[in-house]
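Structure at a glance
In case you want the letters, here they are:
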Amino acid sequence: MYALILAGGKGERLRPLTDTIPKPMAPVCGKPILERQIEWLREGGVEGVVFLAGYRWEAIRDYFGDGSGFGVSVEYSVEDSPLGRGGAIKQGYPLAPAGDEPLVVTNGDIITRQPLSEIVEYHRDSLARRNGPAVTLLAVPMVSPYGIVDMNDAGGVIGFREKVELPHWINGGVYVFDRGVFSEFPDLGDHEVETFPGLARSGRIAAYRTRSFWTSIDSFKDLREAEEFIQQEGAAH
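One structure accompanies this document, and this report is about it.

Reading the values: the criteria
- Residues numbered from 1 in each chain as written.
- Predicted model: local features only at pLDDT ≥ 70, side-chain atom pairs only at ≥ 80, totals over all residues.
- Heavy atoms only, no water.
- Helix = DSSP H or I, 4+ residues; strand = E, 2+ residues; numbered from the N terminus.
- Rg over C-alpha atoms; globule rule 2.2 N^0.38 Å.
- Buried < 20%, exposed > 50% of the residue type's maximum accessible area, 1.4 Å probe, protein only.
- Contact = heavy atoms within 4.5 Å.
- Areas by Shrake-Rupley, 256 points an atom, 1.4 Å probe, with all protein chains shown as cover.
- Lys, Arg positive; Asp, Glu negative; His and termini not counted.
- Charge placed at Lys NZ, Arg CZ, Asp CG, Glu CD.
- Pairing = 2+ DSSP bridges.
- Axes fitted to C-alpha atoms, helices over the stretch in contact; angles between N-to-C directions.
- Core = buried A, V, L, I, M, F, W, Y, C linked by side-chain atoms within 4.5 Å.
- Patch = residues over 30% accessible without salt bridge, like charges linked within 9 Å, V, L, I, M, F, W, Y side chains within 5 Å.
- Salt bridge = Lys/Arg side-chain N within 4 Å of Asp/Glu carboxyl O.
- Phe/Tyr/Trp six-rings, centres within 6.5 Å; stacked < 30°, edge-to-face > 60°.
- Lys NZ or Arg CZ within 6 Å of the ring centre and 35° of its normal.

This part takes up the overall build of the chain. Along its length, the chain carries seven helices and 13 strands. Rg of the C-alpha trace for the chain: 19 Å, near the compact-globule value of 18 Å for 237 residues, within the 12% margin. Along the first, second and third principal axes, the C-alpha atoms of the chain reach 65 × 45 × 40 Å. Here the chain holds 237 residues, and the buried ones make up 46% of them. Sequence separation of 24 or more characterises 72% of the internal contacts of the chain that already satisfy a separation of 6 or more. For the chain, the exposed area adds up to about 11,900 Å²; of that, 51% sits on carbon and sulfur atoms. Considering the chain, the positive charge centre built from 24 side chains and the negative charge centre built from 34 side chains are found 2 Å apart.

Ordered by their spatial adjacency, seven strands build an open sheet running β5-β4-β1-β6-β11-β8-β12, and the pairing between neighbours is mixed. Two strands lie at the open edges of the sheet, namely β5 (73-78) and β12 (205-209), each paired on one side alone. Across this sheet, the average inter-strand angle for adjacent strands is 30°, counted without regard to direction. Two strands pair when backbone bridges link them, and strand β8 (residues 135-143) and strand β11 (residues 165-177) are joined in this way by seven bridges, in the antiparallel orientation. Bridged to valine 143 within β11 is glutamate 165. On the sheet, helix α2 (residues 57-64) packs against β4 (48-53) and β5 and is oriented at approximately 165° with respect to β5.

Turning our eyes to something else, we now look at the nonpolar core. Counting residues in each nonpolar core, the largest one holds 31 residues, and the members touching the most others are Leu34, Leu41, Val49, Phe51, Ile60, Phe64 and Leu116. Every element with two or more residues in this core is listed here: β1 (2-6), α1 (33-43), β4, α2, α4 (116-128), β8 and β11. Setting aside residues up to four positions removed in sequence, phenylalanine 51 forms contacts with Ile5, Ala7, Leu34, Ile38, Ile60, Phe64, Val74, Glu75, Tyr76 and Ser77. Listed in part, the 20 residues of the second largest apolar core include Leu52, Ile89, Ala96 and Phe182.

The grouping of Val149, Met151, Val157 and Phe160 at the surface amounts to a nonpolar patch, some 430 Å² of accessible area in total. Of all the elements in the fold, those that place two or more residues in the nonpolar patch are β9 (148-151) and β10 (157-161). Relative to the helices and strands, valine 149 is located in strand β9.

On to the packing of aromatic side chains. Each aromatic ring pair is specified by the distance between its two centres and by the angle formed by the two planes. One pass over the structure, following the stated rule, counts 15 aromatic pairs. For the ring pair phenylalanine 213 and phenylalanine 229, a centre distance of 3.6 Å and an interplane angle of 5° mean the geometry is stacked. With phenylalanine 213 in the loop between β12 and β13 (214-216) and phenylalanine 229 in helix α7 (residues 220-236), this pair connects stretches of sequence that are 16 residues apart. Using a relative accessible area of 22% as the deciding quantity, one classes phenylalanine 213 as partly exposed. By way of ring pairs, the aromatic residues Phe51, Trp57, Tyr63, Phe64, Phe70 and Tyr76 are connected into one cluster. The residue whose ring lies beneath arginine 61 is tryptophan 57, and the NZ or CZ to ring-centre distance is 4.9 Å. The ring of tryptophan 169 has arginine 209 lying over it, and the distance from NZ or CZ to the ring centre is 5.4 Å.

In this structure, threonine 195 sits in the loop between α5 (191-194) and α6 (196-201). Apart from the residues lying within four places of it in its own chain, the contact partners of threonine 195 are Glu184, Phe185, Pro186 and Asp190.

Glancing now at helix α3 (residues 84-92). Turn by turn, an α-helix covers 3.6 residues, leaving residues three or four places apart pointing in a common direction. Those residues of α3 lying buried are Gly86, Gly87, Ala88, Ile89 and Gly92. Looking at the buried residues of α3, the elements they touch are β1, β4, β5, β6 (103-107) and α5.

In structure tokens:
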């Protein structure tokens, strides 16, 4: 099984760290996000990776090379000019060897402890109940970015809560695709805007919901929280 990793982000909110590297190469407890992703993908049965790269892509190539030192084979799809996420996927997916297995696609700034194998199995089970190309996306709970103030009917404050889970689910940036769906991706643009709405209307997207650890690293605050989780995880073992 192959995975495509969207790895061209500039990470402007992580500057100056990302002045010389793309955002997915930002280190988390000494390892680039991409290396942690590859470890997670490999545990889920992925044998090869295609980096969908652009900004400062040479930093990725210089670190991973052909992937032999990381237990996977590696290919690079480099944008000459920005194609958008959908265009980058459409350009890069032919580098994954043809086969019957689905393709995994993930945003390059994601760290999660949800086992990939469970998402893939869910995708295959869902596909057996539907016709045509399909997509399964990872859905995670929406957590309030602000502290919640609890009040009584008289307006008195009775408590405070942080990281409150809201009654909504968000796109976790991890997907399992049947290969036939890529023909519907834009040459230039974002698949979530230009392709997913039509797939959803035709019932061709499934969601795998999880409450396992998940974070998208967009800021130094996200970076610190990811490092705190990994450190706690290491201490527990």
